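# A structural walkthrough
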Amino acid sequence: MGNEGNKGPPGIITLTFSILTHFLLVAPVIYILVLSFEDYSFFSWHPICMTVGVGLLVTEAVFNISGEAYIAWKLPRRNRVTIHWILHTMGLIIIGIGLIIIVVNKINHNKDHFATTHAQLGLTTIVLTVLVAAFGVLANNTVWIYPRVRPVLIKVAHACGGIGVTILLLATLINGTYTPWWSGTTVGRDLIFASWFFAGLLILVKPILGVVSRCKVVFGPPSSDS
């Protein structure tokens with residue numbers, strides 16, 4: 001356990017995996033930022049905040065905790081957890097700003113709030129994300145409820161929730177490119193869809209495997225270890 005931070009440098013496959021995943025995440029963000037500033041208005045800050053908050057910060061928080069991100073390969077899990085919640089907090093703050101901007105923009109234009117599929121999906125996803133993040137505080141401090149509740153149960157629940165909201169966040173971003181705001185090309189929108197879809201798969205593959213492994217502990221026979 002004490003040698004966790006002394007593992008050797010990642011191999012070429014791990015390095016390639018990390019670079020590819022980051023490229024698939026960052027390329028759509030850059031494209032959307034360019035479109036937002038080309039046709040700039042107060043509303044532009046909504047896609048800007050949501051794209052940066054989710055496409056850069058939240059996804060990086062998830063990728064970092066798994067240890068597959070190249071920048072985190074030297075860090076022990078405790079440090080990765082710290083970076084995980086810091087990035088998530090920053091992402092949620094920016095997402096919250098994006099939510100406030102769209103509400104204010106609706107008020108300024110006398111439009112109904114949360115009247116579209118995108119708006120309803122976005123609000124639901126944000127609420128769930130905040131709940132999962134709050135539950136993450138408990139997952140990081142399981143001593144508060146031990147031995148009444150097994151720590152692995154809390155960690156599995158948080159991991160499952162995190163996987164779910166990550167999928168919903170990316171789905172909401174993709175859905176946003178199918179709204180009247182979109183000023184890019186059809187090909188560009190298809191590339192964003194494909195890029196975030198495959199990036200999501202790459203980011204979540206290890207967390208999903210981790211949940212499966214922990215579920216074996218939860219639902220398997222009790223351990224005889226002291």
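Being a predicted model, the structure only gives us computed values, none of them experimental. (Residues numbered from 1 in each chain as written. Predicted model: local features only at pLDDT ≥ 70, side-chain atom pairs only at ≥ 80, totals over all residues. Heavy atoms only, no water.)

## Examining the overall build of the protein
The following threshold applies: We count a stretch as a helix when DSSP gives it H or I for four or more residues in a row; a strand needs E for two or more, and each element gets its number in order from the N terminus. Residue contacts are counted whenever heavy atoms from the two residues lie within 4.5 Å of one another. Computed by Shrake-Rupley with a 1.4 Å probe, the accessible areas treat only the displayed protein chains as cover when residues are assessed.
Along the backbone of the protein there are 6 helices and 0 strands. The N-to-C order of helical and strand elements in the protein reads α-α-α-α-α-α. Sequence separation of 24 or more characterises 74% of the internal contacts of the protein that already satisfy a separation of 6 or more. Per element, the accessible surface of the protein, about 12,900 Å² overall, is 70% carbon and sulfur.

## Section: the UniProt feature "transmembrane region" (unreviewed entry) in the protein
The criterion, for reference: UniProt positions are given in the numbering used here, feature names are shortened, and annotations may be inferred rather than shown by experiment.
Here the UniProt feature "transmembrane region" (unreviewed entry) sits at residues 12–37, 43–65, 85–107, 119–140, 152–171 and 191–209. Secondary structure across residues 12–37 comprises 100% helix and 0% strand; the distance between its end C-alpha atoms is 37 Å. As annotated, residues 85–107 has a helix share of 100% and a strand share of 0%, and its two end C-alpha atoms lie 33 Å apart.

## Considerations on the packing of aromatic side chains
In plain terms, the rule: Each pair of aromatic rings taken from Phe, Tyr and Trp, with Trp reduced to its six-membered ring, is defined by centres within 6.5 Å and is described as stacked if the planes are under 30 degrees apart, edge-to-face if over 60, and tilted in the remaining cases. Three labels apply to residues, based on accessible area from a 1.4 Å probe with only protein chains included: buried if under 20% of the type maximum, exposed if over 50%, partly exposed otherwise in between.
Taken as a whole and assessed by the stated rule, the structure comprises 8 aromatic pairs. Ring geometry for Trp-181 and Trp-182: centres 5.8 Å apart, planes at 70°, overall edge-to-face. Classification of Trp-181 as partly exposed rests on a relative accessible area of 22%. Connected via pairs of aromatic rings, a cluster forms that spans Tyr-31, Trp-181 and Trp-182.

## Here's the deal with helix α4 (residues 117–139)
To keep things clear, this is the line we draw: What a helix is expected to span follows from its residue count: subtract one and scale by 1.5 Å.
The end-to-end C-alpha distance of α4 is 32 Å, a good match for the 33 Å that 23 residues give at a rise of 1.5 Å each. Residues of α4 that are buried include every one of Ala-119, Gly-122, Thr-125, Ile-126, Thr-129, Val-132, Gly-136 and Ala-139, and no others. Of the surrounding elements, those touching the buried residues of α4 are α2 (45–65), α3 (77–108) and α5 (151–176).

## Some words on helix α1 (residues 12–38)
Over its 27 residues, α1 runs 38 Å from end to end, which matches the ideal 39 Å to within 8%, given 1.5 Å per residue. Within α1, the full set of buried residues consists of Ser-18, Thr-21, Leu-24, Leu-25, Pro-28, Val-29, Ile-32, Leu-35 and Ser-36. Buried-residue contacts for α1 involve α2 and α6 (186–219).

## A look at the nonpolar core
Definition in use: Only buried residues count toward a nonpolar core, which is a set of Ala, Val, Leu, Ile, Met, Phe, Trp, Tyr and Cys residues joined through side-chain atoms within 4.5 Å.
Of all hydrophobic cores here, the largest spans 24 residues; its most connected members are Val-54, Ile-95, Trp-196 and Ile-203. Listing elements by their share of this core, those giving two or more residues are α1, α2, α5 and α6. Per-element tally for this core: the top contributor is α6, with 6 residues. When residues no more than four places from it in sequence are discounted, the contact partners of Trp-196 are Leu-24, Leu-25, Pro-28, Val-29, Ile-32, Thr-51, Leu-170, Leu-173 and Ile-174.

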